[in-house]
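If you want the building blocks of each chain, they are given just below.
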Amino acid sequence: MSVSLKNRLRTPDLDGSTWLLLVSFVPLVAFFIVVWVVPIAYALGMSLFQEPVRNPVFVGLGNYVSLLTEPTFWGFLWNSVVYAIATTGLSLVLGLGLALVVNQKIRGGAALRTLMIFPYLLPTLVVIFMWKFILDPNIGVLNQVLENAGLIAEPIAFFSTLTWAMPAVVITSVWKFASFAFFILLARLQAIDPDLYERARVEGATTWQAFRDITMPHLRGAILIILLVRGIWMFNKFDIIYLTTRGGPLQETTTLPIRVFQIAFNEVNFGEATALAGIMFFLLAAAAVVYFRTFAPETEVAH
Amino acid sequence: MATADSSWFGHRTQQRLQRIALYVTALLITTFVVVPVYLMVVIALQSPAATFAGGQVNLIPKGFTARNFLVLLNTTETVRYFTNSLIVTASSTILSTAIAIAAGYGLTRFEFRGKSIAARAVLFSYMFSPIVLAIPLYVIFYSLGLLNSYFALTLALTAISAPFTIWLMWQYFQTVPLSLEEAAWVRGASRFRTVWDVVLPVARPGYISAAIFAFAVAWNDFTMARIVMSNDDMYTINVGASLFLDRVTIGWGETMAVSLLISIPPFLIALFLQRYLLQGFSVGGLE
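Keep in mind that what you see is a predicted model, and the values were worked out from it rather than measured.

(A) Broad picture of the overall build of chain B. Along chain B, the regular secondary structure elements total 13 helices and 0 strands. Listing every helix and strand of chain B by position from the N terminus yields α-α-α-α-α-α-α-α-α-α-α-α-α. The C-alpha atoms of chain B give 25 Å as radius of gyration, which overshoots the globular expectation for 287 residues (19 Å, by more than 25%). Taking the principal axes of the C-alpha coordinates as reference, chain B spans close to 75 × 75 × 35 Å. Each of the 287 residues in chain B was classed as buried or not, and the buried ones make up 55%. Within chain B, residue pairs in contact and separated by at least 24 positions form 74% of the contacts whose partners lie at least 6 positions apart. Just so you have it, chain B exposes about 12,200 Å², and 66% of that area is on carbon and sulfur atoms. Seen as two clouds, the 17 positive and the 12 negative side-chain charges of chain B have centres 10 Å apart.

So this is what it looks like as structure tokens:
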């Protein structure tokens, strides 16, 4: 469709064409310059200075060097990777499971679909309050259930225990974001021609074989998108971790976005904060190259 | 789900087992989704005395009360925070949707070089981390004296939502047939008139999806507001309420009450505009 549109688009020279061109592009260009180009260029510039705001001293790549040579940096990077992979992977499994269920004609399927919108629409803060309550060591429902079942002797302070902090943050995040995978996968599932399954059944294929040979190939693209895009977003996620653990205990859940905030506002070191933001920018750029190589998303047309 | 060798069971038994497995999975996931929401609603509407009576959390409600909401009204700035949130969310939704309509139409209907680079730039910024953008914006707003202003936060929130709203409208306008416009041109309508009277009505589902997305980003935002609004009077509801649990006077009852309040606008959208919301997902997901 996009090709035929292009061929037909010898824009007729009518009244107002030029004006319309201006009206449609000036806001776009102005907006991008004001909120994207300038701040990013400014940040990359700042990252080359010590005390860039009050008393700038040019240090070249000094901020980057001191960040990358700090042994803790690699731990923070590792935390980000663990958090991104765990949340994305679990959301995918959960979303796929439910999408497959809803796609079968079961009673209450439509209600289930509506239900899945809720975690997604509830503001992050609300989701965090819920899970802080559920996982609270004193009055938490989960501790209460586990204790009554005799599974634990002492209540667990999930968000502030070294072993449990990361899993607790991951579960909170998965609760909110599994819907993302669910809706994308459900849309793909519903686009599969039912005749394919009918034919497979006639030829004696088992449910598993039909899933492997028909369902999975149709979902492959969507799964890749979820892994890549959701993975990038979770790698960059700030609010959930900040609002639950502040990066603690003992920096166990400190990811790069949390670290950027800490360096900027706790240590008031905007040179290093922008340098770390710069590193995140370059990591995103690298991920984007993979994304564009894999999907060429800009050539896709909606329908 | 099923065994590879189905001769072990009869076909009907196998099908029945599959149905059971389906319903069990559905039930488990439903429980996982519903329980936290249920807790929030019950705790918000019950008095703390009833919730925590006897040292255990009692979640079978015995009676409802507005007590928690009254405490919020009387002892906190909830109304002010809520108003701040409404102002910046509305401004950002309008700005983001307007930019998206203008840019989306231009990108669809005019040919120019570097269009594919523009597409990549839009998508690239869609994946960007708000915290990375927030730091330079903070310094820029600081030096311009714009911190703690609706204007600054509106701009910052629009920066986060606009890449996707632009992308969505760009995709959506491609589904509006050019022949519709041509028909109007032939009858002598100007391009502006055509856009206003012909294209926009057809593109309505597109820009409603875009507006919902922009709304959700702004209403949900914590990061930008936390950084741009440092003055107590200017907190949005998310930032203001995030500090509630640190206060001695505020307990879980009030915390869940404020959560319920924050959830109402998105809930209304889900209720009335579900169709458009799902459309947003199908074009490439929402953040």
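(B) Highlighting the packing of aromatic side chains. Scanning the model with the defined rule gives 36 aromatic pairs over all chains in all. Summarising the aromatic geometry, the rings of F215 of chain B and W219 of chain B are spaced 5.9 Å apart at their centres and angled 10° between planes, so their arrangement reads as stacked. With F215 of chain B and W219 of chain B both in helix α10 (residues 204-220) and 4 residues apart, the pair spans about one turn of that helix. Here F215 of chain B falls in the buried class, since its relative accessible area comes to 16%. One aromatic cluster is present, formed by F238, Y242, F261, F265 and F270 of chain A together with Y138, Y142 and F222 of chain B through successive ring pairs. The ring of F177 of chain A is capped by K176 of chain A, whose NZ or CZ atom sits 5.5 Å from the centre of that ring.

(C) The arrangement of the side chain of T51 of chain B in detail. In this fold, T51 of chain B is placed in helix α2 (residues 48-51). Once residues within four sequence positions are removed from consideration, T51 of chain B is found in contact with I43, Q46, Q56, V57 and N58 of chain B.

(D) Quick look at the confidence of the model for chain A. Overall, the predicted model of chain A reaches an average pLDDT of 88, with 93% of residues at or above 70. Within the model, pLDDT remains below 50 along residues 1-10 of chain A, and this stretch shows 15 contacts once partners closer than five positions in the same chain are excluded.

(E) Geometry of the environment of W36 of chain A. Residue position: W36 of chain A is located in helix α2 (residues 17-46). Looking at W36 of chain A, the relative accessible area reads 4%, which means it is buried. When sequence neighbours within four positions are dropped, the list of residues in contact with W36 of chain A reads F31 of chain A together with S125, F128, L133, A159 and P163 of chain B. Separated by 3.5 Å, the side chain of W36 of chain A and the backbone oxygen of A159 of chain B make a polar contact.

(F) The arrangement of a nonpolar patch on the surface in detail. A surface patch of nonpolar side chains, about 490 Å² in accessible area, is lined by W19, L22, V23 and V26 of chain A together with F192 of chain B. Looking at the nonpolar patch, the element that brings in the most residues is α2 of chain A, giving 4 residues. Structurally, the position occupied by V26 of chain A is in helix α2. Classification of V26 of chain A as partly exposed rests on a relative accessible area of 48%.

(G) Main features of the side chain of Q262 of chain A. Residue and element names in this part refer to chain A. Counting through the fold element by element, Q262 comes out in helix α12 (residues 256-266). By relative accessible area, which is 13% here, Q262 ends up buried. A polar contact of 2.9 Å, which involves the side chain of Q262, links it to the side chain of R259. Not counting residues within four places of it along the chain, the set of residues in contact with Q262 comprises R246, T254 and E267.

(H) Inspection of unusual backbone geometry at higher detail. Residues and elements named next belong to chain A. The omega angle of the peptide bond from G248 to P249 is -10°, so this bond is cis rather than trans. In this structure, E51 takes a positive phi of about 45° despite not being glycine. Its identity as a non-glycine residue notwithstanding, V268 has a phi of 40°, on the positive side. When you line up the elements, V268 lands in the loop between α12 and α13 (270-295). With relative accessibility at 58%, the residue V268 sits in the exposed group.

(I) Structural view of the pattern of salt bridges. All names here are of chain B. Taken as a whole and judged by the stated rule, the model has 7 salt bridges over all chains. Where R109 meets E181, a salt bridge forms, and the shortest distance between an N and an O atom there is 2.6 Å. With a gap of 72 residues between them, R109 in helix α4 (residues 78-109) and E181 in helix α8 (residues 178-186) connect regions that are remote in the sequence. Since its relative accessible area comes to 0%, R109 is described here as buried. With a relative accessible area of 0%, E181 lands in the buried category.

Quick notes on the rules
Residues numbered from 1 in each chain as written. Chains lettered and ligands numbered in written order. Predicted model: local features only at pLDDT ≥ 70, side-chain atom pairs only at ≥ 80, totals over all residues. Heavy atoms only, no water. Helix = DSSP H or I, 4+ residues; strand = E, 2+ residues; numbered from the N terminus. Rg over C-alpha atoms; globule rule 2.2 N^0.38 Å. Buried < 20%, exposed > 50% of the residue type's maximum accessible area, 1.4 Å probe, protein only. Contact = heavy atoms within 4.5 Å. Areas by Shrake-Rupley, 256 points an atom, 1.4 Å probe, with all protein chains shown as cover. Lys, Arg positive; Asp, Glu negative; His and termini not counted. Charge placed at Lys NZ, Arg CZ, Asp CG, Glu CD. Phe/Tyr/Trp six-rings, centres within 6.5 Å; stacked < 30°, edge-to-face > 60°. Lys NZ or Arg CZ within 6 Å of the ring centre and 35° of its normal. pLDDT = per-residue confidence, 0-100. Polar contact = N/O pair within 3.5 Å; in protein donor to acceptor, adjacent residues only side chain to side chain. Patch = residues over 30% accessible without salt bridge, like charges linked within 9 Å, V, L, I, M, F, W, Y side chains within 5 Å. Salt bridge = Lys/Arg side-chain N within 4 Å of Asp/Glu carboxyl O.

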